[in-house]
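Here is how the chains run, residue by residue.
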Amino acid sequence: MKNKKNPHEADLRGTLISVLTVGILIAVMWFAVYAMYVAL
Amino acid sequence: MILHSERGPLAGRRTSSAVAATASASERKLALWNIGFAYTAFLIGTLCGLIQVFMRNEMIELPAWLDYYQVLTVHGVTLALVYTTFFIYAFLITGMSRSLGSFGPKVARWSWIGFFVAAAGTVWATIEILSGRASVLYTFYAPLKASGWFYVSLALLIIGTWIISFALIAHYVKWRKANPGVLSPLFAFMTISTLAMWIIACLGVVAAVVFMYIPWAFGWVDTINVELSRTLFWFFGHPLVYFWLLPAYMAWYLVVPKLLGTKVFSDSLARLSFLLFILFSIPVGLHHQLTEPGVADFWKFLQVTLTFMVVIPTLMTAFSLFATFEISGRQKGAKGLFGWVGKLPWNDIRFTSLFISMVFFIPGGAGGIINTSFQLNELVHNTLWVVGHFHITVGTPVAMTFMGISFWLIPYLTGRTLTKTTKNLAFVQIISWSVGMLFMSTAQHVLGLLGAPRRTQHSNYSDHPTVLGWFDGFFSNTSTLALGGIILFFSAMLLMVIVFRLWLIEPRSEKGDLYAEFPIAESDASATPRWLENWWIWIGIAVALILLAYTFPITHMIQDAPPGSKGFINW
Amino acid sequence: MHLHKFEKIWLIFGIAMLAVFLGIVGVQAFTQGQTPAGGMKKIDPEKVDVTAPFDDPGVHQIDDDTYEVVIKAMAYGYEPSEIKVPAGKEIIFKVTSKDVIHSFTIPNTKVNMMVVPGQINEKRYTFNEPGTFLILCNEYCGTGHHFMHTEIEVVEE
């Protein structure tokens, strides 16, 4: 496997999509609570 | 009594793969004592959790000699402080012995002394709490005044952990001297990072306990500086949560890739993330004090900013973990964007338990960012939201990782194996914990947003309409919280059965038994810069950041202090 | 130390996200005065009853649009226990404690203040709608902690 030699060249498209999804989840939670705060 | 390893430390240069195959008999015994102590605390603590659930729903009444807040104090102390701390030392002791070689006689002796000092402090503190002399919760905020001996017992607990920490550091220093110019194995590096942070963090609480609480509680001085005592507590209180979290991260960085049959994704980034935790986990305590007077907005906001910095190493960790999953899956022939998900070893409880821990940490971490977002803290501060938050940070990502570690660490230490029956039990345990926690923590988060207070026995507040909203709906319902709590207690008891089986009942392991091994992945340190292991640089920057964040607020609290408070015993 | 290209993208995204969060709360806090409760005034916790403004607790009108509400917290209650303020006016809450740490918390509002002996905590808040709001203590203060509450009545101007 060529990926085994150097993980930095590895195919990490799934990883990128996964972490970005996590990031968006965090942002959604944050803005939801922020909206609640502003509405008070 | 102490067996010396035949094997020398790692000879090869600049690599950090595991060395000695097993920990010696002395370390095994020490680690098992720590685990035994941890799970005894776990049993008591989860029982207290169940009692709280019943009390909050007015299903039971306690006998006259025991009240809700004693039960709550014991729950917090046994689970958040005792279970975590003793389990962590069991894990670190075993891993340090495995990766750097057996302990010498001095290291072994001092580790035992540290264990007994910490254990004595813990037992003593529990006696003080249960006898009604210390219903001050585990944050022991002044001017509620416990007996002086309660604070002495806490000091003993901390001193005990320092003794073990310095013993482990001595073991590391000896290895470094025997291996000049070589980066230490990643497990050892992470252990030392965690311990360095812990030792610095404890300075705050030790200063408060020794110089403020003890003289005051014994009556040598009349009053205490309340705001200063709180600030010193939180100097310690926030890195405390990273002291719980970092050993879980160690398992995620080192155990997970081994279980997946691959290497650590990036040795240098793993080390860098731990160093960033040393830097940014301490000068952030004021984010627990955002809604209180006595600290200027500027300093609160500065520490909020530093708290945001401590998110970055976790972002790095998230990437490393997903990359580890994807690389291992692709090595096993996975195709497409997400083919690797199917290649993960879902039927291996050691992996699945850790994976679920990580999933819980996503909302856990997001909630943490919300908590520290300056004025947003007003919405959630001291509400049930916060209780929900730490049940999906320390209560699941950390605790479930420790459960997942237990499934192989106890067999590794007792020389037994994990049979299929126990493995199935372990799956039921992990899944029931997840389900229970999902119900309980979601309800806690929602109720917190509706203003329900934390640390409070059931109260209808004169039937105010606001309170009715806490019993209405599905997740906005105290009964859902209770349902989750009951499922969690079932899971906790199942875990006790599993621990008991792994310790005493399971058959002896045979050679080559995967479940009786300590899985540590290889980590290629050939491209890792050596300055990452120059501790004085990192500790120096950490101290500078602490001075920047705390010098002015603390000086102000001392020089411009209001008259102090005498003690109150409101129980 | 080599970073995978995707890791760079992720870290830039993540750090930018954090910067946005911090920017939003920072700007809102310091340009619109939306800082959390706080204050640098101190007081002798033994002499709360004879120290201004706590020698005269209650609601005071400061000008046409501003009212001051001075509250003393103690185990397990607040003084005064009856508070009536107008909707649509800025209320400045000033609280301190005569004994241990409490909180002065009004669920469903931005008022969630730690009450620390020796310190005076302040928070500005405007009620938009009239109604009867619950006030409770959400910091453990002793065995009667869960009984510590009162109400604030917000009336039409």
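Bear in mind that the values here come from a model prediction, so they are computed numbers and not experimental data.

Definitions and limits used
Residues numbered from 1 in each chain as written. Chains lettered and ligands numbered in written order. Predicted model: local features only at pLDDT ≥ 70, side-chain atom pairs only at ≥ 80, totals over all residues. Heavy atoms only, no water. UniProt positions renumbered as here; feature names shortened; annotations may be inferred. Helix = DSSP H or I, 4+ residues; strand = E, 2+ residues; numbered from the N terminus. Contact = heavy atoms within 4.5 Å. Buried area = accessible area lost by both parts, 1.4 Å probe. Salt bridge = Lys/Arg side-chain N within 4 Å of Asp/Glu carboxyl O. Polar contact = N/O pair within 3.5 Å; in protein donor to acceptor, adjacent residues only side chain to side chain. Nonpolar A, V, L, I, M, F, W, Y, C, P; charged D, E, K, R; others polar. Buried < 20%, exposed > 50% of the residue type's maximum accessible area, 1.4 Å probe, protein only. Expected span 1.5 Å × (residues − 1). Phe/Tyr/Trp six-rings, centres within 6.5 Å; stacked < 30°, edge-to-face > 60°. Domains from an automatic or database assignment. Pairing = 2+ DSSP bridges. Core = buried A, V, L, I, M, F, W, Y, C linked by side-chain atoms within 4.5 Å.

Caption draft 1: Examining the UniProt feature "domain: Cytochrome oxidase subunit II copper A binding" (unreviewed entry) in chain C more closely. The UniProt feature table records "domain: Cytochrome oxidase subunit II copper A binding" (unreviewed entry) at residues 62-157 of chain C. Helix makes up 0% of residues 62-157 of chain C and strand 56%. Its end C-alpha atoms lie 15 Å apart.

Caption draft 2: Looking closely at the interface of chain B and chain A. At the interface, 28 residues of chain B touch 24 residues of chain A. Overall, the association of chain B and chain A removes approximately 2,500 Å² of surface from exposure, summing both partners, and the carbon and sulfur fraction of that is 79%. Together, R330, L376 and L379 of chain B form the three largest contributors to the area buried by chain B at its contact with chain A, with a combined 20%. The interface formed by chain B and chain A contains 1 salt bridge. In this structure, D11 of chain A and R330 of chain B form a salt bridge, with 3.6 Å as the shortest nitrogen-oxygen distance. On the surface where chain B and chain A come into contact, there are 7 residue pairs in polar contact (both at pLDDT 80 or more). Listed by contribution, the elements that provide at least two residues to the side of chain B that touches chain A are helix 9 (312-331), helix 11 (349-371) and helix 12 (377-380) of chain B. With 8 residues, the top contributor of residues to the side of chain B that touches chain A is helix 9 of chain B. Classifying every residue of the side of chain B that touches chain A gives 18 nonpolar, 6 polar and 4 charged.

Caption draft 3: Summary view of the interface of chain B and chain C. Each partner contributes to the interface: chain B provides 72 residues, whereas chain C provides 65 residues. When chain B packs against chain C, the two sides together hide about 5,700 Å² of surface, and 66% of this comes from carbon and sulfur. For the pair chain B and chain C, the interface holds 3 salt bridges. With its nearest N and O atoms 3.0 Å apart, the salt bridge here joins E378 of chain B to K123 of chain C. Across the contact surface, chain B and chain C share 27 residue pairs in polar contact (both at pLDDT 80 or more). Mapped onto the side of chain B that touches chain C, the elements with two or more residues apiece are helix 6 (226-259), helix 7 (267-280), helix 8 (297-309), helix 9 and helix 16 (465-468) of chain B. In terms of residue class, the side of chain B that touches chain C is built from 40 nonpolar, 21 polar and 11 charged.

Caption draft 4: Representation of the pattern of salt bridges within the structure. Enumeration over the complete set of coordinates arrives at 21 salt bridges over all chains. As a salt-bridge pair, E533 of chain B and R176 of chain B come within 3.3 Å of each other at their nearest N and O atoms. Placement of E533 of chain B in the loop between helix 17 (478-505) and helix 18 (535-559) and of R176 of chain B in helix 4 (residues 148-178) is noted, with a sequence separation of 357 residues between them. The buried category is assigned to E533 of chain B, whose relative accessible area is 3%. Exposure remark for R176 of chain B: the relative accessible area of 28% places this residue in the partly exposed category. Salt-bridge contacts for K72 of chain C lead to E79 of chain C; the nearest nitrogen and oxygen are separated by 3.7 Å.

Caption draft 5: Quick peek at helix 9 of chain B. Residues and elements named next belong to chain B. Across its 20 residues, helix 9 extends 29 Å between first and last C-alpha, which sits within 8% of the 28 Å expected from 1.5 Å per residue. Among the 20 residues of helix 9, 18 are classified as buried, and the element is accordingly described as predominantly covered. Positive backbone phi, at 95°, marks G333, one or two positions downstream of helix 9.

Caption draft 6: Here's a closer look at the side chain of Q289 of chain B. Residue and element names in this part refer to chain B. Here Q289 shows up in the loop between helix 7 and helix 8. Looking at Q289, its side chain comes within polar contact range of the side chain of T231, at 3.2 Å. When residues no more than four places from it in sequence are discounted, the contact partners of Q289 are E227, R230, T231, W234 and K300.

Caption draft 7: The arrangement of the packing of aromatic side chains in detail. Tallied over the full model, the rule gives 79 aromatic pairs over all chains. Between W30 of chain A and Y34 of chain A the ring centres are 5.3 Å apart and the planes differ by 5°, which places this aromatic pair in the stacked class. Within this pair, W30 of chain A and its partner Y34 of chain A are both found in helix 2 (residues 13-39), separated by 4 residues, close to a single helical turn. Overall, the relative accessible area of 0% leaves W30 of chain A in the buried class. Classification of Y34 of chain A as buried rests on a relative accessible area of 17%. Relative to W220 of chain B, the ring of F218 of chain B has its centre 5.4 Å away and its plane inclined at 20°; by these criteria the two rings are stacked.

Caption draft 8: Quick peek at the domain arrangement of chain C. You can read the domains of chain C as domain 1 (1-35) and domain 2 (45-155). Relative to domain 2 of chain C, the C-alpha centre of domain 1 of chain C lies at a distance of 35 Å.

Caption draft 9: The arrangement of the environment of L66 of chain B in detail. Residues and elements named next belong to chain B. Take L66: it is sitting in the loop between helix 1 (25-56) and helix 2 (68-100). When the C-alpha positions of L66 and H171 are compared, they lie 44 Å apart, and in sequence the two are 105 residues distant. Once residues lying within four places of it in the same chain are set aside, the contact partners of L66 are V71 and L130.

Caption draft 10: Structural context of the pairing of strand 5 (residues 90-97) of chain C. Residue and element names in this part refer to chain C. Judged by how many residues are buried, strand 5 sits mostly within the fold: 7 of 8 residues are covered. Bridging between strand 2 (residues 66-74) and strand 5 involves 8 bridges; their strand directions are parallel. Residue pairing in the sheet places I71 in a bridge with V95 of strand 5. Direction of pairing for strand 5 relative to strand 8 (residues 121-126): antiparallel, over a ladder of 6 bridges. Paired with I91 across the strands is Y125, a residue of strand 8.

Caption draft 11: Region of interest: the environment of W110 of chain B. Residues and elements named next belong to chain B. With respect to the element layout, W110 can be found in helix 3 (residues 105-130). Given the relative accessible area of 42%, W110 is considered partly exposed. When the C-alpha atoms of W110 and A544 are compared, they prove to be 31 Å apart, with 434 residues separating the residues in sequence. For W110, the residues in contact, after removing those within four places along its chain, are I163 and A167.

Caption draft 12: Representation of helix 17 of chain B in the model. Here helix 17 of chain B is 28 residues long and its end C-alpha atoms lie 39 Å apart, about the 40 Å a rise of 1.5 Å per residue gives. The backbone nitrogen of S479 of chain B lies 2.9 Å from a side-chain oxygen of the residue at the head of helix 17 of chain B, namely N477 of chain B.

Caption draft 13: View of the nonpolar core. Among the nonpolar cores identified, the biggest contains 272 residues, and F93 and F104 of chain C are the most heavily contacted of them. With 23 residues, helix 6 of chain B is the single largest residue contributor to this core. Those residues in contact with F93 of chain C that sit more than four places away from it in its chain are V69, F104, I106, V111, M113, N121, E122, K123, Y125, F127 and I152 of chain C.

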